[in-house]
There are 2 protein chains.
Amino acid sequence: MIAITPKTRIGWIGTGVMGASMCGHLLRKGYSVVVFNRTRAKAKSLIGLGALWVDSPAAAAQQAGVVLTMVGFPEDVREVYFGKEGVLAGAKPGTVLVDMTTTRPSLAREIYAAAAARGAHALDAPVSGGDVGAREAKLSIMVGGDREVFEALRPVLGIMGPNVVFQGPPGAGQNAKMCNQIVIAGTMIGVCESLLYGYRAGLDLETMLSSIRGGAAACWTLDRLAPRILKRDFEPGFFVEHFVKDMRIALEEAQQMGVSLPGLALVHQLYTAVIAQGYGKKGTHALMRALEGLSNVSL
Amino acid sequence: MIAITPKTRIGWIGTGVMGASMCGHLLRKGYSVVVFNRTRAKAKSLIGLGALWVDSPAAAAQQAGVVLTMVGFPEDVREVYFGKEGVLAGAKPGTVLVDMTTTRPSLAREIYAAAAARGAHALDAPVSGGDVGAREAKLSIMVGGDREVFEALRPVLGIMGPNVVFQGPPGAGQNAKMCNQIVIAGTMIGVCESLLYGYRAGLDLETMLSSIRGGAAACWTLDRLAPRILKRDFEPGFFVEHFVKDMRIALEEAQQMGVSLPGLALVHQLYTAVIAQGYGKKGTHALMRALEGLSNVSL
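Residues numbered from 1 in each chain as written. Chains lettered and ligands numbered in written order. Predicted model: local features only at pLDDT ≥ 70, side-chain atom pairs only at ≥ 80, totals over all residues. Heavy atoms only, no water.

### A word on the overall build of chain A
- When you go through chain A residue by residue, the secondary structure sums to 14 helices and 9 strands.
- Compactness check: chain A gives a C-alpha radius of gyration of 20 Å against a globular reference of 19 Å for 299 residues, within 12% of the reference.
- Reported as C-alpha extents along the three principal axes, the dimensions of chain A are approximately 65 × 45 × 35 Å.
- Here chain A, with 299 residues, has 60% of them falling under the buried criterion.
- In chain A, of all internal contacts separated by at least 6 residues, the share reaching a separation of at least 24 is 66%.
- Taken together, the 30 basic and 24 acidic charged side chains of chain A have centroids lying 5 Å from each other. (Helix = DSSP H or I, 4+ residues; strand = E, 2+ residues; numbered from the N terminus. Rg over C-alpha atoms; globule rule 2.2 N^0.38 Å. Buried < 20%, exposed > 50% of the residue type's maximum accessible area, 1.4 Å probe, protein only. Contact = heavy atoms within 4.5 Å. Lys, Arg positive; Asp, Glu negative; His and termini not counted. Charge placed at Lys NZ, Arg CZ, Asp CG, Glu CD.)

So this is what it looks like as structure tokens:
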């Protein structure tokens, strides 16, 4: 029986753009939070909201009944969990560990097993919705692990977004997130190539979009990112570097499962060019830059 | 000055699934219509609604103030316009010719020039929305040609769909349609690869879709076609063969314009496999079959 109550102290690791917004919602709901981040300065706004600083992930886990982590890359997740001062070093029997970073399904399973060996519980719970979704508590949260643990954590996760879905055993949340990213890889190249074609064909692109955005070509990318591309606004949104990390994970997993994903592989390669051109810290729609470079065209 | 009134007789060429629905709307609005189709039997329902049969495209053009054509492939369009008994052979000065087939932008410009040489007018006005959009008069119509001619024809086109947009000079309607198809090529491969990955990862695909369909991966293809793929329902919708034709046109145009579209080229190749597997007359979401075949997996 896992009891999570409004009195349960929460440990939060990772206070980047996403993590700071997400943790802020928990604090505003009245949860007591201890917080750790690699760069302490980034935790300042949360400390202002009442979070208590601790000096390591292990210390957070020692003091909390639930530990949520939202860091960057799989290497960061590994360090946060398995490092000398990591979450697992501090986790007690019954502690619930929730990694909300998008990371490898195999790493999620590894954390699950290591937690179980200490009598603790683990969920993988990556999110989609980006910085805006995090700020507005409108994230979609995809959860893998034990259903009982999921049910216990659902009220806490629900504070960060309305669409919290149990996807199956450990790693299933990560795999659902990969499915999300694979679709986006497709919509992104479709939208960027369409704009490039339309531009070279001499169309007024706003007018073109007014014809196609309501029909079978309709997609979030066309609605939200095409207008930003036309304004040459490539600020993130969602970082190219993080998307490339997600695609690499999906491709490696797919290879292990014996599934060929030629579309994803192509888009991944084109994003290598996006990074080569210096747009790694820009938004994902900077894919447009690689396609423009490829044909020596600029919208 | 081009005057199109409710008394103007309309010629309609091409009574396939799309054309029959579209022409039916004009008849129900009270327009007098003369109709021709290669296979006369397919015009039967329209004749039942009051259309008069004529024996050739030329005869339709002789008797009508506006001729609308909705046929299959660019070769068919060429025959319907430039054939011995074609539309242009019958067109009088002032006749307005509207090709609603998705075809080559260069062919649209050729028809425009040939019409002008006879004192007639031509618009290219391809549609998106498929069989359902045609039946429900909800097509999106993308128009190229002279703006004055477009304005005169707008009321007639508006009967077939609410979103009638002038895209620019002759061929611009066709180019806008190509932009539409390029986006769809992207969404289609993204959705199919996502389902394949999710299946092999052991996810419940309905549950996975419930997590991703509301966020940044949202698209018409995910909403409308993914559920049909899960039911193994590959009936068209929109025919693979027609989509392949559209992609080929877009790729040839892009090559002439000096624009590389690697994503579209890949998807086009995969659809060659869809046809090789015998699914040319199935719906576009049969792309799933090619991807399944590629990895020897079946959902």
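What follows continues from the structure just given.
### Here's the deal with the pairing of strand S1 (residues 10-13) of chain B
All names here are of chain B.
- With burial as the criterion, each face of S1 is covered, one bearing Ile 10 and Trp 12 and the other bearing Gly 11 and Ile 13.
- One ladder, built from 4 bridges, connects S1 with strand S2 (residues 33-36); its direction is parallel. By the bridge assignment for S2, Ile 13 is matched with Phe 36.
- In this region the chain leaves S1, passes through helix H1 (residues 17-28) and returns to the parallel neighbour S2; the handedness of that crossover is right-handed.
- Note: S1 against strand S4 (residues 66-69), 4 bridges, orientation parallel. Residue pairing for S4: Ile 10 is matched across the bridge by Val 66. (Pairing = 2+ DSSP bridges. Right-handed = clockwise from strand over helix to strand, strands pointing away.)

### Here we look at the relation of the copies chain B and chain A
- Take chain B, turn it by 180°, move it 0.0 Å along the axis, and it overlays chain A with an RMSD of 0.0 Å. Classification of the inter-copy transformation places it as that of a two-fold axis.
- The overlap is high: 100% of the interface residues of chain B also sit at the interface in chain A, so the same surface is used on both sides. (Least-squares fit on C-alpha atoms with pLDDT ≥ 70 in both.)

### What to know about the domain arrangement of chain A
All names here are of chain A.
- Looking at the assigned domains, one finds that chain A contains domain 1 (10-169) and domain 2 (176-295).
- Taken together, the contacts link 15 residues of domain 1 with 13 residues of domain 2.
- Across the domain 1/domain 2 interface, buried area totals approximately 1,100 Å², and carbon plus sulfur atoms make up 59% of it.
- Taken as a group, Phe 73, Thr 102 and Arg 104 account for 41% of the area that domain 1 buries against domain 2, more than any other trio of residues on that side.
- For the pair domain 1 and domain 2, the interface holds 1 salt bridge.
- Note that Arg 104 and Glu 252 form a salt bridge whose closest N and O atoms lie 2.4 Å from each other. (Domains from an automatic or database assignment. Buried area = accessible area lost by both parts, 1.4 Å probe. Salt bridge = Lys/Arg side-chain N within 4 Å of Asp/Glu carboxyl O.)

### Things to note about the packing of aromatic side chains
- Using the criterion set out here, one finds 8 aromatic pairs over all chains in the structure.
- A ring pair is formed by B:Phe150 and B:Phe166, whose centres lie 5.3 Å apart and whose planes are at 40°; its orientation type is tilted. Here the residue B:Phe150 occupies a position in helix H8 (residues 147-158), and B:Phe166 occupies one in strand S9 (residues 163-168), the gap between them amounting to 16 residues. You'll find B:Phe150 and B:Phe166 in the same group, each marked buried.
- Here the aromatic rings of B:Phe243 and B:Tyr271 are separated by 5.3 Å at their centres, their planes lie at 90°, and the arrangement is edge-to-face. With B:Phe243 in helix H12 (residues 240-257) and B:Tyr271 in helix H13 (residues 262-276), this pair connects stretches of sequence that are 28 residues apart.
- Residue placement shows A:Lys245 over the ring face of A:Phe73; its charged tip is 5.9 Å from the ring centre. (Phe/Tyr/Trp six-rings, centres within 6.5 Å; stacked < 30°, edge-to-face > 60°. Lys NZ or Arg CZ within 6 Å of the ring centre and 35° of its normal.)

### Notes on the interface of chain B and chain A
- The interface of chain B with chain A comprises 60 residues on the first partner and 60 residues on the second.
- Linking chain B with chain A are 0 salt bridges.
- Where chain B touches chain A, the interface holds 24 residue pairs in polar contact (both at pLDDT 80 or more).
- Sorting the residues of the side of chain B that touches chain A by element identifies strand S8 (140-144), S9, helix H9 (172-200), helix H10 (205-212), helix H11 (220-230), H12, H13 and helix H14 (287-295) of chain B as the ones contributing at least two each. (Polar contact = N/O pair within 3.5 Å; in protein donor to acceptor, adjacent residues only side chain to side chain.)

### Quick word on H10(B)
- For H10(B), every residue scored as buried is listed here: B:Leu205, B:Met208, B:Leu209, B:Ser211 and B:Ile212. One side of H10(B) carries all its buried residues, which in axial view fall inside an arc of 160°.
- Buried residues belonging to H10(B) abut strand S8 (140-144), strand S9 (163-168) and helix H9 (172-200) of chain A together with H9 and H11 of chain B. (Arc of directions from axis to C-beta.)

### Let's talk about the pattern of salt bridges
- With the rule as written, the count across this model stands at 22 salt bridges over all chains.
- Salt-bridge contacts for A:Glu235 lead to A:Lys282; the nearest nitrogen and oxygen are separated by 2.7 Å. On the criterion of sequence distance, the pair formed by A:Glu235 in the loop between helix H11 (220-230) and helix H12 (240-257) and A:Lys282 in the loop between helix H13 (262-276) and helix H14 (287-295) is long-range, its members being 47 residues apart.
- A relative accessible area of 27% means that A:Lys282 is categorised as partly exposed.
- A salt bridge links B:Asp223 to B:Arg213; its shortest N-O distance comes to 3.8 Å. Taken together, the positions of B:Asp223 in helix H11 and B:Arg213 in the loop between H10 and H11 put the pair 10 residues apart, joining distant regions of the chain.
- Assessed through its relative accessible area of 40%, B:Asp223 is described here as partly exposed.
- Relative accessible area serves as the criterion here: at 32%, B:Arg213 is assigned to the partly exposed category.

### Let's talk about the side chain of B:His268
- The residue B:His268 is located in helix H13 in this model.
- The contact partners of B:His268, leaving out residues within four places of it in the chain, are B:Val244, B:Met247, B:Arg248 and B:Leu251.

### Concerning unusual backbone geometry
Residue and element names in this part refer to chain A.
- In the Ramachandran plot, Arg 232 falls in the positive-phi region, its phi being about 60° despite a non-glycine side chain.
- Along the chain, the position of Arg 232 falls in the loop between H11 and H12.
- Its identity is not glycine, yet Asn 296 carries a phi of approximately 50°, on the positive side.
- Topologically, Asn 296 is positioned in the segment after H14.

### Some points on the pairing of strand S4 (residues 66-69) of chain A
Residues and elements named next belong to chain A.
- Residue alternation in S4 divides its side chains into two sets, Val 66 and Leu 68 and Val 67 and Thr 69, and both sets are buried.
- Where S4 meets strand S5 (residues 96-99), 4 bridges bridge the pair, whose relative direction is parallel. Looking at the pairing, Val 67 lines up with Leu 97 of S5.

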